[in-house]
Amino acid sequence: MIQSAAIKYTPPGQGQPGIAYDMDPQGLAIIDHKYLIISAYSKSKTFDSVLWVLDFKTGRFVKPIALNNIDHVGGITYDEDHKRLWVATINQEQRAQVQSVTPKEIEKYNFKKQKKPIKFEHGTNLSAPLRTSYMTYHKNKLYISYFDKVRGGQLFAYKLNKKGLFKKDKMQDGLALPSENWSTYSQIQGISFDKNNILLSTSYGDFNSQLLIFKNKFVNCNNKLNTFNQAA
């Protein structure tokens, strides 16, 4: 765990700046090969969660960004097509949601001067999963799922519109509806894509971690479950 400037958590969101000594890193995203963003949460729930901004080329720490929540913020991804950083959070009803902020807002943000959380540009509540553990952006879709240490999970795809936002015609009762979903394995912690494959990382406790590689057949799967076919 790492110390970091953060804002003391209070339910009304009026906490004062301070130093947290129990920040637990969770997610990672790269913004245009310029910044490396690491998300972290306060394990004691004493401070709000944060984003750490690092220089991508040098690894130099640039600044902290305070968030107005105490969520794990493990799901974090950058949409390079629409220039938007997505962060998985939880709404007031304790349901999964995702919120976004632009690189411009990240660059403008100054914790020392503002002494308050950054404002997200957009936010959308999700119909599934109920919680979000990992997330990635790939070809105009957000892929979102939840970690389960025992049972196999479900992976959900949300297709975005031309502006890179959730489609209004794919909403029901204020919740975004996924366009596709698939069965996955237990203990999945992360997902990524390369040219031909889907990569899933598994990790839990002090057991050996794994990287599972599958041929990407999502395009022709017709929404059927259990479509993962291991490549090697």
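Residues numbered from 1 in each chain as written. Predicted model: local features only at pLDDT ≥ 70, side-chain atom pairs only at ≥ 80, totals over all residues. Heavy atoms only, no water.

Q: So, the overall build of the protein: which residues are in play, and what are the values?
A: The secondary structure content of the protein amounts to two helices and 18 strands. Over its C-alpha atoms the protein spans a radius of gyration of 18 Å, differing by no more than 12% from the 17 Å that the globule rule assigns to 232 residues. Principal axes of the C-alpha set define a box for the protein whose edges measure 50 × 45 × 35 Å. Here the protein, with 232 residues, has 47% of them falling under the buried criterion. Across the protein, the fraction of contacts at a sequence separation of at least 24, relative to all contacts at a separation of at least 6, is 46%. (Helix = DSSP H or I, 4+ residues; strand = E, 2+ residues; numbered from the N terminus. Rg over C-alpha atoms; globule rule 2.2 N^0.38 Å. Buried < 20%, exposed > 50% of the residue type's maximum accessible area, 1.4 Å probe, protein only. Contact = heavy atoms within 4.5 Å.)

Q: I'd like a rundown of the pattern of salt bridges, residues and numbers included.
A: If charged atoms from side chains of opposite charge come close, those side chains can pair. Counted by the stated rule, this structure contains seven salt bridges. Across the salt bridge formed by Asp-32 and Lys-83, the nearest N and O atoms sit 3.0 Å from each other. With Asp-32 in the loop between β2 (17-31) and β3 (35-42) and Lys-83 in the loop between β6 (76-79) and β7 (84-90), the pair connects residues that are 51 residues apart, well separated along the chain. In this structure, Glu-105 engages Lys-108 in a salt bridge whose closest nitrogen and oxygen atoms are separated by 3.4 Å. Here the residue Glu-105 and the residue Lys-108 both occupy positions in helix α1 (residues 103-108), the gap between them amounting to three residues, near one helical turn. (Salt bridge = Lys/Arg side-chain N within 4 Å of Asp/Glu carboxyl O.)

Q: Got a sec to walk through the nonpolar core? Specific residues and values, please.
A: By size, the foremost hydrophobic cluster in this structure holds 21 residues, and its most contacted members are Ile-37, Leu-51, Ile-65 and Leu-85. Breaking this core down by element, the ones donating at least two residues are β2, β3, β4 (50-55), β5 (61-66), β6 and β7. In this structure, Ile-37 is in contact with Gly-27, Leu-28, Ala-29, Ile-31, Leu-51, Trp-52, Val-53, Ile-76 and Leu-85, ignoring residues within four places of it in sequence. Counting 16 residues, the second largest nonpolar core, distinct from the first, contains Val-98, Ile-144, Phe-156 and Leu-165. (Core = buried A, V, L, I, M, F, W, Y, C linked by side-chain atoms within 4.5 Å.)

Q: I'd like a description of the sheet that holds strand β18 (residues 210-215), backed by residues and values.
A: The strand order across the open sheet built from three strands is β16-β17-β18, with neighbouring strands paired in antiparallel fashion. Each having just a single partner strand, β16 (188-193) and β18 make up the two edges of the open sheet. The sheet shows a mean angle of 20 degrees between the axes of neighbouring strands, taken without regard to direction. Two elements, strand β17 (residues 197-202) and β18, share six bridges in a ladder whose sense is antiparallel. What sits directly across from Ser-201, in β18, is Leu-211. (Pairing = 2+ DSSP bridges. Axes fitted to C-alpha atoms, helices over the stretch in contact; angles between N-to-C directions.)

Q: How would you sum up the sheet that holds strand β8 (residues 96-101)? Please name residues and give values.
A: Taken together, four strands build an open sheet; the order of strands is β6-β7-β8-β9 and the sheet is antiparallel. The open sheet is flanked by β6 and β9 (122-125), the only strands paired with a single partner. Mean inter-strand twist for the sheet, computed between neighbouring axes without regard to direction, equals 25 degrees. One ladder, built from four bridges, connects β8 with β9; its direction is antiparallel. Among the inter-strand pairings, Ser-100 is bridged to a residue of β9, identified as His-122.

Q: Quick rundown of the side chain of Lys-141? Include the residues and the values.
A: With respect to the helices and strands, Lys-141 occurs in strand β11 (residues 141-145). Classification of Lys-141 as buried rests on a relative accessible area of 17%. Within polar-contact distance, the side chain of Lys-141 engages the side chain of Glu-180 at 2.6 Å. Beyond its immediate chain neighbours, meaning those up to four positions away, Lys-141 contacts Thr-136, Ala-157, Tyr-158, Lys-159 and Glu-180. (Polar contact = N/O pair within 3.5 Å; in protein donor to acceptor, adjacent residues only side chain to side chain.)

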